[in-house]
Amino acid sequence: MENKKFKNVIAKCGADKLLPFVPVYIFYIILHGHLSPGGGFQGGVLMVAAIVLIYMGYGYEGAAKCISRGFLHKFEGFASIAYIAFAMIGVLGGAYFCENVLFNHGNIGDLYSTGTIFFMDTTVGLKVLAGVGVLGLSMLGLVAATDDDGKE
């Protein structure tokens, strides 16, 4: 019994040390995805790493308290609408849907140097982050439920 308590302390300390860096890394990949390998989708999928870290340190109850499913659902809807709005900039500019009409702004290699691609890639990252976050919490909820029942 005491060995299990010791493992929980180690997991909590490890989660506490790593968790401040995980969102920074996630948003770095999302924001710089249009300039380097990676991008919105890859950065959003890394959200599962944050959820698993919280789950390992604090259990499902801690993860569910920290990350609200309801908020993630609403945020995913917001990101979808934002993507459509940025994609419509092309239509409003007399071009095609999703066409990059703001490509001549910024210097090459700067964070904002790719026009509407930057905004669309960022909203894709936020949408994937929210969607994968809900999926991760749901799957961990099922794992926690089977652990509580004592079934495998």
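Not measured: the values here are computed from a predicted model.

Caption draft 1: A look at the overall build of the chain. For the chain, the count of helices and strands is six helices and zero strands. Secondary structure elements in the chain, listed N-terminal to C-terminal, are α-α-α-α-α-α. Expressed as a percentage of the 152 residues in the chain, the buried residues total 34%. For the chain, the share of sequence-separated contacts (at least 6 apart) that also reach a separation of at least 24 residues comes to 64%. As displayed, the chain offers around 9,600 Å² of accessible surface, 69% of which is attributable to carbon and sulfur atoms.

Caption draft 2: How the structure looks around the pattern of salt bridges. Applying the stated criterion across every chain yields a total of one salt bridge. Between Lys-127 and Glu-76 there is a salt bridge; the shortest N-O distance is 2.9 Å. Taken as a pair, Lys-127 in helix α6 (residues 116-149) and Glu-76 in helix α5 (residues 69-92) lie far apart in primary sequence, 51 residues in all. Given a relative accessible area of 32%, Lys-127 falls into the partly exposed group.

Caption draft 3: Molecular detail of a nonpolar patch on the surface. A cluster of nonpolar side chains, contributed by Ile-84, Met-88, Val-91, Leu-92 and Phe-97, occupies part of the molecular surface with about 480 Å² of accessible area. Phe-97 sits in the partly exposed class, given a relative accessible area of 45%.

Caption draft 4: Quick peek at the nonpolar core. The biggest cluster of nonpolar side chains holds 19 residues, and the ones touching the most others in it are Met-47, Ile-51, Tyr-60, Ile-67, Leu-72 and Leu-137. Looking at this core, the elements that each hand over two or more residues are α2 (21-31), α4 (47-66) and α6. Ranked by the residues each element gives to this core, the list is headed by α4, at eight residues.

Caption draft 5: Inspection of the packing of aromatic side chains at higher detail. Taken as a whole, this structure holds four aromatic pairs when the rule is applied. Look at Phe-118 and Phe-119: their rings are 5.2 Å apart centre to centre, the planes differ by 70°, and that puts the pair in the edge-to-face class.

Caption draft 6: Layout of the confidence of the model for the chain. On average, residues of the chain carry a pLDDT of 82, and 85% of them reach 70 or more. Looking at the elements of the chain, mean pLDDT is at its lowest for helix α1 (residues 2-18), recorded as 77, and at its highest for α5, recorded as 91.

Caption draft 7: Looking closely at the environment of Gly-141. Take Gly-141: it is sitting in helix α6. Spatially, the C-alpha atom of Gly-141 lies 8.9 Å from that of Glu-61, the residues being 80 residues apart in sequence.

Rules of the game
Residues numbered from 1 in each chain as written. Predicted model: local features only at pLDDT ≥ 70, side-chain atom pairs only at ≥ 80, totals over all residues. Heavy atoms only, no water. Helix = DSSP H or I, 4+ residues; strand = E, 2+ residues; numbered from the N terminus. Buried < 20%, exposed > 50% of the residue type's maximum accessible area, 1.4 Å probe, protein only. Contact = heavy atoms within 4.5 Å. Areas by Shrake-Rupley, 256 points an atom, 1.4 Å probe, with all protein chains shown as cover. Salt bridge = Lys/Arg side-chain N within 4 Å of Asp/Glu carboxyl O. Patch = residues over 30% accessible without salt bridge, like charges linked within 9 Å, V, L, I, M, F, W, Y side chains within 5 Å. Core = buried A, V, L, I, M, F, W, Y, C linked by side-chain atoms within 4.5 Å. Phe/Tyr/Trp six-rings, centres within 6.5 Å; stacked < 30°, edge-to-face > 60°. pLDDT = per-residue confidence, 0-100.

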